[in-house]
Each structure stands twice: as C-alpha cells, then as structure tokens.
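Each chain, letter by letter, is given below.
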Amino acid sequence: MKPSILFFDVGNPGYLPVIRDVSSRGFDLILTEPRLIRALVGDGIAAASWDSFVRPETHVTVQREMTRISNDLADALSDPDAQTAFSGRFGSFLPHTGQAFFNHAMELIANEILIIESFETLIQATDLKLVVFGCDNNHVQRALVAAARQHGVPTLQMAHGIYYQRSADIAGETSRLYSDYIAVYGETPKQLYIALGNDADRVLVTGAPLWDSFYDPANRIEQDDARARLGLDPSRPVLMSFPSYNEGVHAHHAIESFRNIEVQESILHAVASMHPQPQLLVRPHPLENHNPDLRSNSDQALEDAYLDWARSFGVSDVRILRDQKIEAIRAADIAIVEEESTVIPELMILDTSMVVITPLPMTGPYTEEIGISVANDQNLASTLRDLLENPAHRAELRARYPESLPRLNHLNDGRASERMVEAIVKLASPQSDTRPTRNANTKLRALLAYRSDVDVDGGAAAVMKETAKALQALDIDVDLSFEMRPPTERYDILHAFNIWQPSTALEQLRYFQDQKKPIVWNPFYLHWCESHWANLAVRAIYDPQRSEGERKEYLIAFTNGSLIVNDTTKFHPNEAVPGFHEQLREMLEIVDHSCVTSTREIQELAKITNVPRIPFTVTPHGVDAAPFRSATPDLFHQKFGIENFLLCVAAVDARKNQIMLVEALKGTGIPLVLIGPCFEPDYLEFCTKHGENLHYLGRQPKEVVASALKAARAHALPSYAEGAALANLEAAVAECPMIVSNRSSEFEYFGSAPYYCDPTSPASIQAAAKVAYQHGRENPAELAALSARIESTYTWSHAAELTLKIYRRELEIR
Amino acid sequence: MGVNAYAAHCTADDRNVAYPIHTHDIVDVRGDIRGTHISYRCRSCQHVFESYRETLAGVSCGSYPCPSCGERAELSPRVFVEFASQCFPYSDLGNLVDLTNEASRIAREWYRHPKIAAVLRHRGVDLGEPTERELLSFVSDGLLRERRRAKPGS
C-alpha cells in the first residue's frame, strides 16, 4: 500500500502545483474539494475523495452518539454547579440564549463525530502519513486534527495569511497553533507566532505558494497593457480598493462591520472629491457571502446595489472585479487596503503603490518604513491626491519593498511551492523524525506542574518543591507552576503532580497531552476505597444526633466491617468521587511514565484501573533529616509543657484516622498530641469531643515538630491510605518509635521496625500504642540504625537522580 | 407572526420593485459565524422574516423578498448601521473588546467543567474544544442580550 496524504479543506486551485508534485513523490492523494479532484483526474492523477470514506452506517453511529451525548449533557446541565460555567462578569446567557447555544453546539458536535468516524474508516483503509489543511480553525478541521493526533498522524496547516494579534481575545483564533505544524510565509510571521507563545519548532517557513505566479515574468504586465486588457481609460488615474468583509457578527465583529462601511464611505467621498475623478476598481474578498444556502441575491444584484450606492456619493466609474487580480493590481496607480491585510505583500511583489486606511496606529508587521503610506478617514483624499500627483515619491516608496519582502515572503523568489512540497514530503516520510528535536548541548528543561485547587503547602506540593530543588542541583532547568494550563513551549518534559482533585488533574493532563511532549506523572495514588467508606462511616458514627447506644453499635459494626453507609461497604472498590476509576484509566493512558512512591502504589493503581501495563519507576520520597536528627525535646517542653505523650503529626482528617486513635487511647491514660492543619472542622470536633487528654496544637513549624518527635514516647499514624508519609520518615530519622498502619507502603519503607496496627480496629491500635508507649524507646540502637538507614536511603537527591533517568529515557524513546 | 393579507391583490410586477427598508422595519439583528441575520417586518403584510445580510465589499446591500407576500425590501448600509448600533450599543471599542474577552473566556471554559467534559468525548477526542471559535458568537450575542435586558437602553 502506498503512503497517503489527506488534503483537507484545501480548495484553492493555486495549490494544485503543490498537490501534483506531492503525488509525483510517491504518495496517494485524498482530497475534500471536488473541483481540485476533477482537475487532478483531468491531468491523469488519481485522487480519492474524502466522501468515499463517509459510509452510510457512519450516520447511524453519529445518531447513536448524539442521543447519548444530548441525554448525558442534559443531566450534567441540571447540576447548578455546571451551570456556573456559563456565567461571568456580564451574567449568564443560559436563561434566554441557552437553547439556541446548545442546539448549535449539538450540530457542531454531530459534525465532529461524523468526521472522527469517517477518519477511522480512512485510517483502516489507507496508510495515511499526513493531513494537510488549508485552514484549521473550524470545528470540523479541529476535530480532525485531534483525531489524527490520536493515531499519531501529524498535521500541517498551510498558512492563509500573516496572523497578527487582534485587539480582542478571540476564542479559537489561530494565534495559538492547532495543527502540529504550520507553514508560514516568512521569517516575520514566524517571529509573530513565536511571540504569541508558539513553539518555534512547529513553525516552518516556506513562503506563500499562492504568490509564486506573481513572480512569473509573463505576469509583470506593463500598466498600459493591463489597463487595455481591462478596458480602462488610459488617461485617467486608476485606484483599486481591497475591502475586507464580515465573517460573522459577534460583538467584536460588529465593530468591524460598521468599520467596513465607514471605510467604503471614506473611499467614495475621496474619489468623488478628486478631479479628474479616478476610475475605481473594487475587488471583493473571495470568501464574502460564500455560503450559497444563505443567499437571496445574485452576484449581479449585489453589484448593482453597490454601484447604486456608490452613485449616491457621486462616484459613477466603478468596476467590480472578481477575477483578473494581477491585471487589476498592475493597472492601478494606487491600491487602497483596509487596515492590516495579506494583500500588502502581494502588492509589494507586484510593485504597486498602496495606501493603508486605518484609524489606529499600525501594530502588525506592516509599517511606513517598508514603503506603504498610511491614511485615516479624514486625510485619505489628500494622501491619495499627493501620491497621484507625485510619481517620484511613489517610486521612492516602492524602492523600499525589496528590502523587507524576503522576510514577508520567504526569499522573495517565487519558489514557495517547491519548499511546501519538501515540507510535506518530509513530514509524511516514515523515516523522518517529525517531532521537534532539542539541541543536546542545551540544558534539559522540565516543568513541574501542580494546580492551585489543592493544598499548595501539603505533602504532594512539598514533594514537588523538594524534587525541583534537587533536580536544579543536577543542573536541570526546572520551573514550578500552579497554573491549570501553563505555557509549555520552552520545556522538554512536562511533569505533573497528584491525582487529586481528579477532575482538574485530568483536565491538566489532557492539556499536556495536546502539547505533544513527554509527560511524567507523580500520581500519589492512595487507594481510597476503604478510606472512602471509613470517611462516611465516621460521619455516621460520630453524628452529634446519634445516641450513645447507637454509636457503640455502629462502632462495633465498623470494626468488624459489617457497617454499610449510604450503600457503601468496606470491601467494595468504592470510588472517592463518581467516575474516579474511569478518570484514573484515562490519566494512565495519557501519561508516559509514572513515578510512584512504592510498589504497593503501582499494584493498587493497576488493580483498580485494570490497566496491566504501566511504565513506572519507584521514586521514594526524600526526607530532610538534619533538623530531625539534631533536635532535642527542650523546645517542645518549653513551649507546651506536655510530657509522656503519644504524638500524631498529620492533617486532621478521616483518611489519617485520628478518631480511631482517639478511641483506642480511651481509658489508657495516655495523652495524645495532634499536630497538623485541619481542613475538616467537623472531624476535628469529633476528636476533641470524644478524646481524653487530647491536645490539638494545629500546624507547627518544622523545628517544633522535630522537637515534639524527640519528646514523644511514640509517633502514631494509623492511616487508611498513605503514599510514603513524610511524617513517618521524619519520625524514623528522629529516632521516635512508630505506630503505623498495615495498609499501604509502610512495610517497604520501614520493614519490621514499627508497631503495625489495623486502622479500623481501636483494639489493634491500642495494642500497638501501648507496647510502643511503654517499650518503644527501650532499644535506642535499633532506633538509631533505622534512622541511619532512612537518612541514607531516602534523600531528595536520590529521588531527583531517579527522576532525571526517567526524563532522559522518555526523551530518548521519542 | 403576521397574516398574509397582501398577496391577494399584488401583482408579479409590483413585487419586482423593492421598497427601501427603514429602521422601524427591522425587528432584530443576530450574528453567528456564518454572518449577520436580520429580522424584518414586511411593510405590506406584517409578516416577520429573517434573512442573511448579504454584503459586497463589506457593505450591506441587496434586497430581500418577504416569503409570505413576495414584497421585496431593499437594505441600505446606513439603515443597517443605524439599527445595528442599537443592538450593539457600545460606542467605545474598549467595552466591546471587554465583552468579547469575557465571551471568549466562557467559550473556552464551558466544556471544561468536569461534569460537561466527561460527556463531550468521542474516541478520546475532546468534542468541546473544536467548537470554541464558532460558539463565541452565540456567547457574545447572549451576553449582549442579557445586558440589554438587565439595563434597557444601555
């Protein structure tokens, strides 16, 4: 099977030379435009139609999917929280315009699904190597880019203009590249794209193939000849107008719509005021009124109406030209261009003088320095008069064109089509590396990304910050980000942190996936199944409305695992939030490599998602040992005066399970000190209400925590789920005896050193606590040995070295 | 909707002569990505109908037949500007830019809401993101209408 290239929405016949050459280089062609297919077939070149991949049964699939989506979307939108997505500073548009919005959105989505399904058919039937777009800013084109990306097929957009920044932020505008690559006209537009935040490697400079014919000597028609061909009076001046058009009216386009009319009025006023009155050529934008389904008037009727309107200004010699562009430009003494337009370099190539009419200063790549004149509505007539009366000045301005043209149309040599063909063939060649490459001598650049919707001072964030510091020490260029969609252009590796919150974590990973860079991921998967049940159970058991008898009954059922809360049971694969496990599966599909804190973590993750093959590395956490090793109990004693106590350093919440520790210590006389923030005030209240001899000290500085660990008889952390709790590592290096849960990674980190307990059993916790409290410090040598092992094994520099190995491996794989 | 009372006594020749539309003949102006659509009230039969605003050189021109009675109404650029100025009552470009920016934010964000995002996927493709540009006009139009309701005459 020959390799294929799909030319999607490439409709300008000016691209036929490019397409023919691509075919001659051994590629099968698939096109969407019947006119181009007919032209190719007429030349004896086989070209398949995209329509042949749109099978009748595809429409059934679309219908089925649309039924699902519209039902599910209606359900989703019944949630008031989802409705907030449509509100903002100007209120919500849902009440009055929402129905029209969703009807239209559903139409667009149906089109997208049709395209995606048809693309699947095409992929199965061909050896597709590349999709080339004439433009990639509508929903169908963009859905196709995304579908191609799913199959690893690169996409290229052939630029259709020189983009510059608009005054308003237009959603979906082409300032941010959508296809994998864009072929632009010259170095100037390339730099504009880079300045807008796009990756330089994705911007290919070819020049404009559609302008190649302008360089043909046969098209350098003398002015008199051009006028004769158009039947113009050779003795009177000729002005040519290149008006803009209104693509669609939303608020911003409304201004443009009014502006178009103002500009045309200014031009007609200016022409009417000149003697002799110049001949005016008007070339409408080819895409104006391009939708035949919406038309009520013929072109002729519109032209007649426009000419009537022009006559009302006293301008009678107007010609509307839809063809003969080159003749018209060469015939004109001066072209009038509405604001910044790609017509400008075209006029420069054809060596024609021009006036740009704009009310604002020129902000794009076109300036007066490159040889254009700028006017506003008020001085347009005088500017045109001055230029018409002064041919030498016009010639002096045109003499500046050659200097800037090579940057506007690459090399200014009329060979852009050849370069476009080379770019297409290179991207489509199997042996070609179409991915951006990095210079081996440059520093590896990594973005470590979290989000601001979680505790940015919590454990996961601390791991990110410490890893970043240690990577920097290894001479890696590291930045931290808490943005949901941070700019990624300058990085080689995107390193995301934390599953939680799953919806935002997934959203961020999807965004990273679109950046087409290796994604490394620290999930911190804690296997919340039991924890979720316990969280609900604790709320049920300690509900203040509960009688003491009921509470005891519930507690017994909790301990023996028979308590069912809100249909949730201890042993089921409970989801922390609905759809969580499906979200996890998608996360795993997106990321290239997972950094886990323990083998246990990856086992649980694989089990719960049923994803058997996950590239992973255990990158154990480091611990900042020095402050804990060298601390003394004095600071804590001085500050709080509490002695002979059991300590728990952790955020006070249901997962950390302080309440069962409180239950376990009832009647033992052992004081309990809790240090850590609290984001679940009701839970803290359960602890303080039911605790005996309980001291809650809130979040404390590191030196106080270190001193507390030295002062405590033992540290207890009977969690339902842990990664590698920093508090346990710190307790170990502080030589503090530990009571830990038997649920997670504790065995891997601490072996037989701690006192293990079942977190759901107060009796089990009590047994471990009593032994640790009474005998934990009896063998200081064992505590010291554990401390030394933890300190030497679990360092941030070790974690960074492992992480760096992963980065290098992922970059090599690509 | 009006009642067709005109067709009974109009002739084919009468219908070929367009009358100029005044602002009071225009009921509404609506925009979408395909362009502007204007709702007219036919001066002859009072039927209200919507037509795509056709332009040449960006200038509104052309005439529009009433689908009910066939009477043709001709739109001039200035009448369009006059009426549309009432629909887009922002004399200041900055205000319109501000509104467009806010509409763009919503067009980019609505489909990212976790509950909606979970629905709008097909074969791993996010179906919301490709619609941004085309739905912007709906959002923008909706926000403008909401604002006009909240502050009539603003």
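Here the structure is a predicted model, which means the values were calculated and not measured. (Residues numbered from 1 in each chain as written. Chains lettered and ligands numbered in written order. Predicted model: local features only at pLDDT ≥ 70, side-chain atom pairs only at ≥ 80, totals over all residues. Heavy atoms only, no water.)

1. Focus on the overall build of chain B
Within chain B, the regular secondary structure consists of 5 helices and 10 strands. With 154 residues in all, chain B has 58% of them scored as buried. For chain B, long-range pairs separated by at least 24 residues make up 49% of all intrachain contacts whose partners lie at least 6 apart in sequence. (Helix = DSSP H or I, 4+ residues; strand = E, 2+ residues; numbered from the N terminus. Buried < 20%, exposed > 50% of the residue type's maximum accessible area, 1.4 Å probe, protein only. Contact = heavy atoms within 4.5 Å.)

2. Comments concerning the overall build of chain A
The number of helices and strands found in chain A is 32 helices and 27 strands. Dimensions of chain A, computed from C-alpha atoms along their principal axes, come out at roughly 115 × 60 × 55 Å. Every one of the 814 residues in chain A was classed for burial, and the buried ones make up 58%. Long-range contacts, defined as pairs at least 24 residues apart, comprise 70% of the intrachain contacts of chain A with a sequence gap of at least 6. Element-wise, carbon and sulfur atoms account for 50% of the exposed surface of chain A, whose accessible area totals about 32800 Å². Placing the 75 positive and 107 negative side-chain charges of chain A at their respective mean positions leaves the two points 4 Å apart. (Areas by Shrake-Rupley, 256 points an atom, 1.4 Å probe, with all protein chains shown as cover. Lys, Arg positive; Asp, Glu negative; His and termini not counted. Charge placed at Lys NZ, Arg CZ, Asp CG, Glu CD.)

3. Brief notes about the interface of chain A and chain B
Contacts between chain A and chain B engage 90 residues on the former and 78 residues on the latter. With both chains or domains summed, chain A and chain B bury close to 7700 Å², and 62% of this area falls on carbon and sulfur atoms. Here chain A and chain B share 6 salt bridges between them. At the junction of chain A with chain B, the criterion picks out 18 residue pairs in polar contact (both at pLDDT 80 or more). The greatest single-element share of the side of chain A that touches chain B, amounting to 14 residues, is contributed by helix α5 (residues 94–125) of chain A. Here the side of chain A that touches chain B is built from residues that sort into 40 nonpolar, 26 polar and 24 charged. (Buried area = accessible area lost by both parts, 1.4 Å probe. Salt bridge = Lys/Arg side-chain N within 4 Å of Asp/Glu carboxyl O. Polar contact = N/O pair within 3.5 Å; in protein donor to acceptor, adjacent residues only side chain to side chain. Nonpolar A, V, L, I, M, F, W, Y, C, P; charged D, E, K, R; others polar.)

4. A short note on the pattern of salt bridges
Taken as a whole and judged by the stated rule, the model has 56 salt bridges over all chains. Residues joined by salt bridges that share partners form a network here, namely A:R295, A:D299, A:E303, A:R322 and B:E54.

5. Describing the confidence of the model for chain B
Residues and elements named next belong to chain B. On average, residues of chain B score 77 in pLDDT, and 81% of them reach the 70 mark or higher. The element-level mean pLDDT for chain B is lowest in helix α1 (residues 12–15), coming to 38, with strand β10 (residues 125–126) highest at 90. Every residue in residues 1–16 is under pLDDT 50, and counting partners more than four places away or in other chains gives 23 contacts. (pLDDT = per-residue confidence, 0-100.)

6. Let's talk about the domain arrangement of chain B
Residues and elements named next belong to chain B. Taken domain by domain, chain B holds domain 1 (7–85) and domain 2 (90–150). Between domain 1 and domain 2, the residue contacts involve 6 residues of the former and 6 residues of the latter. Taken over both partners, the interface formed by domain 1 and domain 2 buries close to 470 Å², and the fraction arising from carbon and sulfur atoms is 46%. Summed over the shared surface of domain 1 and domain 2, the number is 0 salt bridges. Across the side of domain 1 that touches domain 2, the residue classes break down as 2 nonpolar, 1 polar and 3 charged. (Domains from an automatic or database assignment.)

7. A closer look at the sheet that holds strand β21 (residues 616–618) of chain A
Residue and element names in this part refer to chain A. Spatially, the 6 strands line up as an open sheet ordered β17-β16-β18-β19-β20-β21, and their pairing is parallel. Of all strands in the sheet, those bounded by a partner on one side alone are β17 (477–481) and β21. With direction set aside, neighbouring strand axes in the sheet form an average angle of 20°. As paired strands, strand β20 (residues 593–596) and β21 are joined by 3 bridges and run parallel to one another. Within β21, the residue paired with S594 across the bridge is F616. Strands in contact with helix α18 (residues 502–514) are β16 (445–449), β18 (493–497) and β19 (519–522); relative to β19, the strand with the most contacts, it is inclined by about 160°. (Pairing = 2+ DSSP bridges. Axes fitted to C-alpha atoms, helices over the stretch in contact; angles between N-to-C directions.)

8. Some words on the domain arrangement of chain A
Frequently, the measure chosen for interface size is the accessible area removed from exposure when the parts meet. Looking at chain A, the domain boundaries give domain 1 (3–80 + 96–208), domain 2 (212–408), domain 3 (445–528 + 576–618) and domain 4 (626–794). Domain 2 of chain A and domain 4 of chain A are separated by 80 Å when their C-alpha centres are compared.

9. A look at the pairing of strand β2 (residues 28–31) of chain A
Residue and element names in this part refer to chain A. Taken together, the 4 bridges between strand β1 (residues 3–8) and β2 define a ladder with parallel strand orientation. The residue of β2 that forms the bridge with I5 is L29. For the handedness criterion, the β-α-β arrangement of β2, helix α2 (residues 34–42) and strand β3 (residues 47–49) is classed as right-handed. (Right-handed = clockwise from strand over helix to strand, strands pointing away.)

10. Description of the nonpolar core
Counting 62 residues, the largest nonpolar core has A:V131 and B:W110 as its most contacted members. Taken together, the elements giving at least two residues each to this core come down to β1, α3 (56–77), α5, β6 (127–133) and α6 (139–150) of chain A together with α3 (93–109) and α5 (132–150) of chain B. The element that contributes the greatest number of residues to this core is α5(A), accounting for 13 residues. A:L380, A:L388, B:Y19 and B:F80 belong to the second-largest nonpolar core, a separate cluster that totals 55 residues. (Core = buried A, V, L, I, M, F, W, Y, C linked by side-chain atoms within 4.5 Å.)

11. What to know about the pairing of strand β25 (residues 714–717) of chain A
A regular strand carries its side chains on alternate faces of the sheet. Residues and elements named next belong to chain A. Residues A714 and A716 point to one face of β25 and H715 and L717 to the other, with burial holding for every one of them. Direction of pairing for strand β22 (residues 646–649) relative to β25: parallel, over a ladder of 2 bridges. The residue of β25 that forms the bridge with L646 is A714. Two strands pair when backbone bridges link them, and β25 and strand β26 (residues 738–741) are joined in this way by 3 bridges, in the parallel orientation. Residue A716 lies in a different strand from β26, and its bridge partner there is I739.

12. Some words on the packing of aromatic side chains
Evaluation of the coordinates by the stated rule reveals 29 aromatic pairs over all chains. Residues A:F86 and B:W110 carry aromatic rings whose centres are separated by 5.8 Å and whose planes lie at 35° to one another, so their mutual orientation is tilted. Linking A:F86 in the loop between α4 (80–83) and β4 (87–88) with B:W110 in the loop between α3 and α4 (114–117), this pair reaches from one chain into another. Each member of the pair, A:F86 together with B:W110, is buried. A connected cluster of aromatic rings, assembled from ring pairs, spans A:F86, A:F101, A:F102, B:W110 and B:Y111. Between the NZ or CZ atom of A:R142 and the centre of the ring of A:Y178, over which it lies, the distance is 4.2 Å. Note that B:R53 overlies the ring of B:F80, its terminal NZ or CZ placed 4.0 Å from the centroid. (Phe/Tyr/Trp six-rings, centres within 6.5 Å; stacked < 30°, edge-to-face > 60°. Lys NZ or Arg CZ within 6 Å of the ring centre and 35° of its normal.)

13. Remarks on the side chain of A:T803
Residue and element names in this part refer to chain A. Summarising the element assignment, T803 is placed in helix α32 (residues 796–813). The class of T803 is buried, set by a relative accessible area of 4%. Aside from chain neighbours lying at most four places away, what touches T803 is T467, L471, H495 and T619.

14. Here we look at the sheet that holds β2(A)
All names here are of chain A. Taken in spatial order, the 7 strands of this open sheet run β3-β2-β1-β6-β7-β8-β9, and their pairing is parallel. The open sheet is flanked by β3 and β9 (203–205), the only strands paired with a single partner. On average, each strand axis in the sheet is inclined to that of its neighbour by 25°, with strand direction left out of account. Relative to β9, strand β8 (residues 181–184) runs parallel, the two being bridged by 3 bridges. By the bridge assignment for β9, A183 is matched with L204. Sheet contacts for α6: β1, β6 and β7 (155–158); angle to β6, the most-contacted strand, approximately 145°.

15. Structural notes on helix α17 (residues 459–473) of chain A
Residues and elements named next belong to chain A. Look at α17: 21 Å from first C-alpha to last across 15 residues, which is about the 21 Å you get at 1.5 Å a residue. Of all the positions in α17, only A460, A461, V463, M464, T467, A468, A470 and L471 are classed as buried. Close packing links the buried residues of α17 with β16, β17, β18, β19 and α32. Looking one or two places after α17, you find D475, whose phi comes out positive at around 70°. (Expected span 1.5 Å × (residues − 1).)

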